[in-house]
Amino acid sequence: MKLSGARIITECLLEQGVDTVFGYPGVSIIRVYDELYKKRGKIKHILTAHEQGAAHAADGYARATGRTGVCLATSGPGATNLVTGIAAAFMDSSPVVFITCNVDEALLGRDAFQEVDITGISMPITKCSYLVRSAGELAGTIREAFALASGGRPGPVLVDVTYNATVEKAEYAYLPKEEHFGRGRSERLMRRGEKVLTQPETDIRDVKRLAEMLKSSERPLIMAGGGVIRSAGAAETLRRVCREHGIPAVSTMMGLGALPSDDGLFLGMAGMYGSDAANRAVGQCDLLIAVGVRFSDRVTGDAGSFAPGAKTVHVDIDRAEINKNVLTAHHIVGDAGKVLSLLSAELKGYGAPPWAEKDGDRELSAPERIIKTVEKLAPGAVIVTDVGQHQLWTCRTFGFSRPGQLITSGGFGAMGFGLGAAIGARIGVKDTPVIHITGDGSFRMNSPELATAARYGLKIISVIMDNSSLGLVRQKQAAEYGGRFYQTELAGGPDYVLLARAYGLRGERAENEKEFETLLSDMLRSGKGGIIDCITDKDEMI
Amino acid sequence: MSSSAKLTRQTLSVLVENSAGVLSQVTRLFSRKGYNIESLAVGTTDDARVSRITVILKGTDRMAEQIAAQLNKLMPVISVQILTGKKAIYREFVMLKVKADGKDARDEIMQIVNVFRAAIVDISRSSLMIAITGDEEKTEAFIKLMSDFGLIEIARTGLIAMERGDGSIRDLSKDRAEYELGKSI
């Protein structure tokens, strides 16, 4: 059957079972929007206020649901506005397919109106970026893009389609998703690039060696990273391995939720802003089993002196992560969940000597007490953060209990990530409250997305830790730059309460913890989302 | 990255799908890591859809392994091979135009050309164009000798390399690469 390229794009989205896309229209992509109009009963399009918001929303949707997010934008500025969002998804291995349209093929490279080389721009921040110049290539490319985004180590993929390719007609035949690997481009890739599309097969000899290392170690420690969150069922397996064999564990920021915070073996988050117990354990262990981590500098500090007394074993799905930042004694390439199950089978009857201890209760700072109040009132909520002090207070203090509960821009650290991601999460998960914890600096970067929340009646509660400053940078200026607070004080910013109300949302201000508790509990009960502006002392530090 | 590790010449052979932008995808990885490419040679293979890229860089073994692992992640990359020292044969092709004013200079150049088994491919009243093939040592030595006469211009293909013996770069499928690339560092 001959269909227009634009129609083929929408048919391919349906093949993938996509029912929600995030985006922003423009002239180059108008044909695709015309086809989406005809499919509006099957595919819901969420219009954001800015393409960056759409990118973060598709990313947040993917992180909250485990499904591949889809984001559409037009050529030129539409495409470049996605860039921060693509990079955020890339750094945290979130599966998102970005579809942009470009100018007509005949105009490519002539600096036409709204033309930009987005495939080139996005090359370093995607698993792959494609330029499609004819309708005939569309179906194969889009199928490949989806396979790639979710296969192996997940991540963003970009497909840029020239305008003419959306107009012209090409042969299209429906192909169920299960058969994509057997035909066309994906089939060719499977023959030679299987690993990037599917989970690599783990070598059992590698696992046996790890089991031996464990059995001869005195102070073993597991470090769980984002890979444990991304791999379906891996967190469950990790919990079983830790409990059955008494192996203590720490997590990275991206790994929070892999183990429940109240588990006796979970020592907290490791790294620069981590817990004392976690960092002490990393310093003292003699065997560090790092699962699905990439040894970010925020975790290791100086990579050369990281975990000085330990043999490090790295388990990762991405071969290129091995020995990238930290030299390892042994490694296993494979899916976190599968490797942990294989390991568990090798460890029958093994029990680690008890050696690590959790931190006792510590005194919480005022902002941390706000976070604890959120946990008390909405323990199961999906928590979405922006980037800064509030993010670190949240990661240190909130007791996460399940994988995917925390959605944060850990690797890229993109301020302005939160509200868009919360929109995506809100659309992806139905029955759980979605709470967006942010700072005034991050919030005002993408606050126009309040329009999106209002337009679709999305109940998101944004808790703004409002210290009228860029707290994390300011804190560094206090500690290392003689208190020369330059360009980090934001006094005179908008009145966030009025701002929320201007969008038809609820806007409240909490001057103290008691007021906050009353407001949050009221807002959780009511049907309407909005913001709570929590006045925070700018000298609070993390 | 330990700075004490020895910097040596690292050769990477990369088999890639012939698609738009593949060369920039490959070279980008080097610049992103801050590695300098010393030489780069690209050409098609027996299969017209597949090209072979040979990249030479000065670096540690770990740098080469890291780049190889990153290259393997690129979709158009079919296989990657790290070639080391004596395990491989290296060649490059050089064309140079050199001043040859008068008979004496011309005779002397022709003698050197004969010794090096190079070839004179063009001749004019006051210059010669010479083509030479060889490994880096040979071509460098030849260029050095020629520079005494005055080089007008020079063009080099950059080194290409191939492993000795029966093996083929095609044996290094992405799956097998895991065990070929620095499993026990």
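Residues numbered from 1 in each chain as written. Chains lettered and ligands numbered in written order. Predicted model: local features only at pLDDT ≥ 70, side-chain atom pairs only at ≥ 80, totals over all residues.

Colleague: I keep staring at the overall build of chain B and nothing clicks. Help me out?
Modeller: Of the regular secondary structure elements, chain B holds five helices and nine strands. Starting at the N terminus and ending at the C terminus, chain B contains elements arranged as β-α-β-β-α-β-β-α-β-β-α-β-β-α. By its C-alpha atoms, chain B is 60 × 40 × 35 Å across when sized along the principal axes. Out of the 185 residues belonging to chain B, those deemed buried represent 33%. Sequence-distant contacts in chain B: of pairs separated by 6 or more residues, those separated by 24 or more amount to 75%. (Helix = DSSP H or I, 4+ residues; strand = E, 2+ residues; numbered from the N terminus. Buried ≥ 20, exposed ≤ 12 C-beta atoms within 10 Å, placed from the backbone. Contact = placed C-beta atoms within 7 Å.)

Colleague: Would you mind going over the overall build of chain A with me for this structure?
Modeller: Summing up its helical and strand segments, chain A has 23 helices and 20 strands in all. Computed over C-alpha atoms, the radius of gyration of chain A comes to 24 Å, within 12% of the 24 Å expected from 2.2 N^0.38 for 542 residues, which places it in the range of a compact globule. Reported as C-alpha extents along the three principal axes, the dimensions of chain A are approximately 65 × 60 × 45 Å. When the 542 residues of chain A are sorted by exposure, 56% land in the buried category. Partitioning the contacts of chain A with sequence separation of at least 6, the portion at a separation of at least 24 is 77%. (Rg over C-alpha atoms; globule rule 2.2 N^0.38 Å.)

Colleague: It is not clear to me how the sheet that holds strand β4 (residues 77-83) of chain B should be interpreted in this structure. Could you clarify?
Modeller: Each strand in a sheet pairs with another by means of backbone hydrogen bonds, the pair being arranged parallel or else antiparallel. Residues and elements named next belong to chain B. Sheet architecture is open: four strands sit in the order β2-β3-β1-β4, paired in antiparallel fashion. Only two strands of the sheet have a single neighbouring strand rather than two, namely β2 (37-44) and β4. Averaged over all pairs of adjacent strands, the angle between strand axes in this sheet comes to 15°, irrespective of strand direction. In this sheet, strand β3 (residues 50-59) lies alongside strand β1 (residues 8-17) in antiparallel orientation, the contact comprising 10 bridges. Along β3, the bridge assignment pairs Thr-11 with Ile-56. Helix α2 (residues 61-73) rests against β1, β3 and β4 of the sheet, and its axis sits at about 170° to β4. (Pairing = 2+ DSSP bridges. Axes fitted to C-alpha atoms, helices over the stretch in contact; angles between N-to-C directions.)

Colleague: Mind showing me how you'd approach the domain arrangement of chain B here?
Modeller: Interfaces are frequently sized by the accessible area removed from exposure as the parts join. All names here are of chain B. With domains assigned, chain B is organised as domain 1 (8-88 + 165-180) and domain 2 (89-160). Each of domain 1 and domain 2 was reduced to a C-alpha centroid, and the two centroids are 30 Å apart. Contributions of two or more residues to the side of domain 1 that touches domain 2 are made by β2 and β3. Examining the composition of the side of domain 1 that touches domain 2, we find that three residues originate from one element, β2, more than from any other. Broken down by class, the residue content of the side of domain 1 that touches domain 2 amounts to four nonpolar, two polar and no charged. (Domains from an automatic or database assignment. Nonpolar A, V, L, I, M, F, W, Y, C, P; charged D, E, K, R; others polar.)

Colleague: What exactly am I supposed to notice about helix α18 (residues 417-428) of chain A here?
Modeller: Residues that lie three or four places apart on an α-helix share one face, since the helix turns once every 3.6 residues. Residue and element names in this part refer to chain A. Here α18 is 12 residues long and its end C-alpha atoms lie 16 Å apart, about the 16 Å a rise of 1.5 Å per residue gives. Burial of α18 is extensive: 12 of the 12 residues sit out of reach of the surface. Among the residues of α18, Phe-417, Gly-418, Leu-419, Gly-420, Ala-421, Ala-422, Ile-423, Gly-424, Ala-425, Arg-426, Ile-427 and Gly-428 are the ones counted as buried. (Expected span 1.5 Å × (residues − 1).)

Colleague: For this particular structure, what's the right way to read helix α1 (residues 5-15) of chain A?
Modeller: Residues and elements named next belong to chain A. Burial analysis of α1 places nine of its 11 residues in the buried class, which makes it a mostly covered element. Along α1, the residues that are buried comprise Gly-5, Ala-6, Arg-7, Ile-8, Ile-9, Thr-10, Glu-11, Cys-12 and Leu-13. Taken from the residues just after α1, Gly-17 is the one with a positive phi, measuring 80°.

Colleague: Is there a simple way to explain the packing of α1 of chain A against helix α7 (residues 138-150) of chain A in this structure?
Modeller: Two quantities define a packed helix pair, namely the angle between the axes and the distance from one axis to the other. All names here are of chain A. It is the contact of α1 with α7, at a shortest axis distance of 9 Å, that shows an interaxial angle of 30°. If you check the angle between α1 and α7, you find them roughly parallel. In terms of crossing hand, the pair formed by α1 and α7 is right-handed. Here Gly-5, Ile-8, Ile-9 and Cys-12 of α1 come into contact with α7, specifically with Leu-138, Ala-139, Ile-142 and Arg-143. (Parallel < 35°, antiparallel > 145°, perpendicular 65-115°, else oblique. Left-handed = near helix turned anticlockwise from the far one by under 90°.)

Colleague: Where do I start with the domain arrangement of chain A in this structure?
Modeller: Residue and element names in this part refer to chain A. The domain architecture assigned to chain A consists of domain 1 (2-197), domain 2 (204-346) and domain 3 (366-535). Measuring from the centre of the C-alpha atoms in domain 2 to the corresponding centre in domain 3 gives 30 Å. Residues belonging to the side of domain 2 that touches domain 3 are distributed by class as follows: 10 nonpolar, four polar and one charged.

Colleague: Honestly, the pairing of strand β13 (residues 311-316) of chain A in this entry has me stumped. Any pointers?
Modeller: Within a regular strand, the side chains alternate between the two sheet faces. Residues and elements named next belong to chain A. Along β13, five of the six residues are buried, which leaves the element largely enclosed by surrounding structure. Bridge count between strand β12 (residues 287-291) and β13: five bridges; the pairing is parallel. The partner of Leu-287 across the bridge, within β13, is Lys-311. Where β13 lies against strand β14 (residues 330-333), four bridges are found, and the strand directions are parallel. Each bridged residue has a counterpart across the sheet, and for His-314 the counterpart in β14 is His-331.

Colleague: Please explain unusual backbone geometry as it appears in this structure.
Modeller: Negative phi is the rule for most residues except glycine; trans is the rule for most peptide bonds. All names here are of chain A. The phi dihedral of Ala-307 falls on the positive side, at around 45°, and the residue is not glycine. Phi at Gln-487 takes a positive value of approximately 60°, unusual for a residue other than glycine. In this fold, Gln-487 is placed in the loop between α21 (471-480) and α22 (496-502).

Colleague: What exactly am I supposed to notice about the sheet that holds strand β9 (residues 220-224) of chain A here?
Modeller: All names here are of chain A. Pairing is parallel in the open sheet, where six strands are placed in the order β11-β10-β9-β12-β13-β14. Two strands in the sheet have a free side with no partner beyond their single neighbour: β11 (266-269) and β14. When the angles between neighbouring strand axes are averaged without regard to direction, this sheet yields 15°. As paired strands, β9 and β12 are joined by five bridges and run parallel to one another. Looking across to β12, one finds that Ile-222 is bridged to Ile-289. The strands that helix α13 (residues 276-284) touches are β9, β10 (249-251), β11 and β12; relative to β11, the one it contacts most, it runs at about 105°.

Colleague: Looking at this model, I keep getting lost on the packing of helix α16 (residues 366-377) of chain A against helix α23 (residues 513-525) of chain A. Mind explaining?
Modeller: All names here are of chain A. The contact between α16 and α23 brings their axes to 10 Å, and the two run at 30°. Classified by the angle their axes make, α16 and α23 are roughly parallel. The crossing of α16 and α23 is right-handed. Side by side, α16 and α23 meet where Arg-369, Ile-370, Thr-373, Val-374 and Leu-377 of the first sit next to Glu-513, Phe-516, Glu-517, Leu-520, Ser-521 and Leu-524 of the second.

Colleague: I would appreciate a short explanation of the nonpolar core in the present structure.
Modeller: Side chains that are nonpolar tend, in soluble globular proteins, to be buried together. All names here are of chain A. Residues Cys-71, Leu-221, Met-223, Leu-288, Val-291 and Ile-532 are the most contacted members of the largest nonpolar core, which totals 188 residues. Tallying contributions element by element places α7 first for this core, with eight residues. Beyond its immediate chain neighbours, meaning those up to four positions away, Leu-221 contacts Pro-248, Ala-249, Val-250, Ala-281, Val-282, Cys-285, Leu-287, Leu-288 and Ala-356. (Core = buried A, V, L, I, M, F, W, Y, C linked by C-beta atoms within 7 Å.)

Colleague: Would you mind going over the environment of Thr-8 of chain B with me for this structure?
Modeller: As for its placement among the helices and strands, Thr-8 of chain B is situated in strand β1. As a C-alpha pair, Thr-8 of chain B and Asp-61 of chain B span 53 residues in sequence and 7.9 Å in three-dimensional space.

Colleague: What am I meant to see in the confidence of the model for chain B here?
Modeller: Do not read the fine detail of predicted coordinates wherever pLDDT is low. All names here are of chain B. Per-residue confidence for chain B averages 87 on the pLDDT scale, and 90% of its residues sit at or above 70. With pLDDT under 50 throughout, residues 174-185 is counted as low confidence; its partners more than four residues away or in other chains account for 21 contacts. The complex model carries a pTM of 0.94, and its ipTM stands at 0.86. (pLDDT = per-residue confidence, 0-100.)

Colleague: Can you walk me through the pairing of strand β2 (residues 20-23) of chain A in this structure?
Modeller: Residue and element names in this part refer to chain A. Bridge count for β2 against strand β3 (residues 44-47) is four bridges, and the pairing is parallel. Note that in β3 the partner of Val-21 across the bridge is His-45. Handedness of the crossover joining β2 and β3 through helix α2 (residues 30-38) is recorded here as right-handed. (Right-handed = clockwise from strand over helix to strand, strands pointing away.)

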